[in-house]
Amino acid sequence: MQHISSIGKKFSRQIDWFYSFKRGWIGCIALIGLLFLIGFTFGCSQLKPNKKNDTMSEKFSFESADGSSKLVGDCANIGNYHSIQIFGYGLINGLSGTGGDDVNSLERRMVYDEMTRMGVRDVRAILADPTTAVVNILAYMRPGIQEGDLFDVEVRLPPETNARSLRGGWLMATKLEEMAVLGGSLKEGKSMALVQGPIMVDDPLATETSNPAGLKQGIILSGARAKESRSLTIIMKSGAESAFATDRIAKEINHRFHIAVGQKKGMATAKTDSLIVLEVHPTYAKDVARYVRVIRAIACYETPAKQLHRIERLKSELLIPEKSQHAAFQLEAIGKKGLEALRSGLNSSNTEVQFHAATSLAYLGDGTPSKILADIARNEPAFRVYALNALSVLRTDIEAEIALHELLHVPSAETRYGAFRALHNRNQYDRTIRGENLGNQFNYHGITTNAPPMVHLSKSKRPEIVLFGSDIHLRQPFGLEAGSVIFVNGQSPESVIVKKFALNGIDEQRMVSNKLDEVIRAVVELGGTYPDVFQMLVQANQMKVLSCRLEIDCLPEPNRVYHRPGNGNDNDDSVLESPKQTSVWERMNPKNWFNTNPGGDSSDFEGTVNTSERE
């Protein structure tokens, strides 16, 4: 009986195991079925129309309603494309008794605090010395500027100062920063540049009685050095934000623009679904405005077949003057595949068509149109600045080099100097234009030319003197000033005495001939700076003792009007009106600090000051 009972218990345990196993198996089957049902349901939901997804898909389409490819400019805007205002407060020394500042101004307090932090002793005595002065400093960092690039700065004596003149002064090393007005007070930002150098007063012939304001402000040419590069940005338009879109656009830009640094490095980097960081390609470093227009003309996405079709259409439009510029920019944006279409424009009899085709070819590295560009620079003032800039990017093309050398001998002053600047941008070591750094003060060049002699001075971008012609002299008798302590006396018919009157020490002098080259070198040997030589030459020109014409910043102007043949204005010399410029010191007003500068149609040849007829 007991045996039967044990068998029953054993059987019962087997039954329990069976049922538990059965329950577990059924549970597994149920779980698998449930997962299958969920997956099936989810899959079906993907097959159903989803209005949100459809809307997103349409939003990121790179095709226009007519089926044509959208360009970058259709989907995005260019950002960081304005000049940044940077400021500082600095100390000028080397003045000849026209400085000194006991006024408790903001500028003085800022300089005092900085000098104290640096451990300078007797700061009050230094600031009160008549050989020093405290100044405001203002500069603009252009879009696309690179670390280490030099740029001009503007300086001004504060309104409350006791100082009277900046002539002969030297700005000691000072940092320039972004500044903002927050909570009603001025806040300093990041240090953007370092600046130092000699001051060129606004009016080199000013005196304290004739024009005192012209002595209280001035510029330092290439005085500031950028501490970091400024990148452009591409910002997706509202409704077009997408990581897929920014990745695609960056890829297309990098296919067109890249540099080799061991391996290919593209110019664009997608950061977010709405932002792409864009570096400036070296070919366009001197004309960021053109680079931006080419970037905007790149197709966001385009199949090879569609691209071929668009090239054929653009080839036809290139020959139509009204459409030529737009077509040339798009072909330039396409790159090497657009070369053949652009070359077809060179055969046109229309100057405008030839110009746009030739310029785009030059930026693509094709030197075929060098002669055409030189002829346009010589004969068409409206296109001159852009034609010269195009020739300057052909750095290895011998035809472009020959063409620019020939332009050094034309009668037009602005064409001659424009060709010099283009040659310098192309290759500063070119034997024809290579000069010297005279006294570590300024660039000095002598150009042999069969055109009428000319002296050219620069008042922007870099301190530079160019003598076109070798037989340039000063007509005696004369007496000239080179700064506040150097005098040039040409009373004797056979010699010129250049004398420096030392404030504390022994006077020095040099005796030279009346050749301008010898006089300039003597002034520099005695410690003269570029502003000193600049003042002497302007004074010589005013007194009519210079044997040739003098030009200042005589560069071709951008934004001139080109009148198409047949419109009745072929002989009209009018120039496109530029926007009204505000003064430097209006721009220093804090309420104007954040007005953006859209960049405009900038060029390395902008910023012109006439001193005489250019042609």
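In this text, all values refer to a predicted model and were calculated from it rather than measured experimentally.

Cut-offs applied
- Residues numbered from 1 in each chain as written.
- Predicted model: local features only at pLDDT ≥ 70, side-chain atom pairs only at ≥ 80, totals over all residues.
- Heavy atoms only, no water.
- Helix = DSSP H or I, 4+ residues; strand = E, 2+ residues; numbered from the N terminus.
- Buried < 20%, exposed > 50% of the residue type's maximum accessible area, 1.4 Å probe, protein only.
- Contact = heavy atoms within 4.5 Å.
- Areas by Shrake-Rupley, 256 points an atom, 1.4 Å probe, with all protein chains shown as cover.
- Pairing = 2+ DSSP bridges.
- Expected span 1.5 Å × (residues − 1).
- Polar contact = N/O pair within 3.5 Å; in protein donor to acceptor, adjacent residues only side chain to side chain.
- pLDDT = per-residue confidence, 0-100.
- Phe/Tyr/Trp six-rings, centres within 6.5 Å; stacked < 30°, edge-to-face > 60°.
- Lys NZ or Arg CZ within 6 Å of the ring centre and 35° of its normal.
- Axes fitted to C-alpha atoms, helices over the stretch in contact; angles between N-to-C directions.

Undergrad: Which residues make up the overall build of the protein, and what values go with them?
TA: The helix and strand inventory of the protein stands at 18 helices and 22 strands. Looking at the 615 residues of the protein, the share that counts as buried comes to 46%. Sequence separation of 24 or more characterises 66% of the internal contacts of the protein that already satisfy a separation of 6 or more. Of the roughly 31,400 Å² that the protein leaves accessible, carbon and sulfur atoms contribute 53%.

Undergrad: I'd like to hear about the pairing of strand β4 (residues 150-156), residue by residue, with values.
TA: Of the pairings in the sheet, the one linking strand β3 (residues 133-141) to β4 comprises four bridges and is antiparallel in character. In the sheet register, I137 faces β4, and the bridge partner there is V155. The sheet contact formed by β4 and strand β8 (residues 217-226) spans six bridges and is antiparallel. From the neighbouring strand, R156 faces β8, where its bridge partner is Q217.

Undergrad: Give me unusual backbone geometry: which residues, what numbers.
TA: Generally, phi is negative for residues other than glycine and the peptide bonds are trans, each holding for most cases. Each neighbour pair has its own omega, and for Q476 with P477 the value is 5 degrees, a cis peptide bond. Position of P477 among the secondary structure elements: in the loop between β17 (464-468) and β18 (479-482). Residue D553 is not a glycine yet carries a positive backbone phi of 45 degrees. Along the chain, the position of D553 falls in the loop between β22 (549-552) and α18 (584-587).

Undergrad: Outline helix α13 (residues 381-392), listing residues and values.
TA: Over its twelve residues, α13 runs 17 Å from end to end, which matches the ideal 16 Å to within 8%, given 1.5 Å per residue. The element α13 is largely enclosed, with a buried count of ten among its twelve residues. Against the buried residues of α13 lie α11 (351-363), α12 (370-379), α14 (398-407) and α15 (413-426). Its side-chain oxygen placed 3.1 Å from the backbone nitrogen of A382, E380 serves as the N-cap of α13.

Undergrad: Tell me what's going on with the confidence of the model for the protein, and back it up with residues and numbers.
TA: Close inspection of predicted coordinates is inappropriate for parts of the model with low pLDDT. This prediction gives the protein a mean pLDDT of 84; 81% of its residues lie at or above 70. Confidence drops under pLDDT 50 across residues 44-58; counting only partners more than four residues distant or on other chains, this segment forms zero contacts. Below pLDDT 50 for its whole length, residues 569-613 participates in 93 contacts with residues either more than four positions away or in separate chains.

Undergrad: Lay out the packing of aromatic side chains with the relevant residues and their values.
TA: Per the counting criterion, the structure on display carries 13 aromatic pairs. Residues Y284 and Y291 carry aromatic rings whose centres are separated by 5.4 Å and whose planes lie at 40 degrees to one another, so their mutual orientation is tilted. Pairing F383 with Y562 gives two aromatic rings, centres 4.6 Å apart and planes at 35 degrees, and the pair type is tilted. Taken together, the positions of F383 in helix α13 and Y562 in the loop between β22 and α18 put the pair 179 residues apart, joining distant regions of the chain. Here F383 matches Y562 in class, with each residue buried. Within the aromatic cluster, the residues linked to one another by ring pairs are F257, Y284, Y291 and Y363. Of note, R256 hangs over the ring of F257, and the distance from its end group to the ring centre comes to 4.2 Å. Between R416 and the ring centre of F468, over which it is positioned, the NZ or CZ distance is 5.5 Å.

Undergrad: Break down the sheet that holds strand β19 (residues 486-489) for me, with residues and values.
TA: Read from one edge of the open sheet, four strands run β18-β19-β20-β21, paired in antiparallel fashion. The two strands at the open ends of the sheet, each matched to only one other strand, are β18 and β21 (508-512). Neighbour-to-neighbour, the strand axes of this sheet turn through a mean angle of 15 degrees, independent of strand direction. In this sheet, β21 lies alongside strand β20 (residues 496-500) in antiparallel orientation, the contact comprising five bridges. Within β21, the residue paired with K499 across the bridge is Q509. Contacts from helix α16 (residues 516-525) reach β18, β19, β20 and β21 within the one sheet, and its direction differs from that of β21 by about 165 degrees. Seen against the sheet, helix α17 (residues 530-542) touches β18 and β19 and runs at an angle of roughly 155 degrees to β18.

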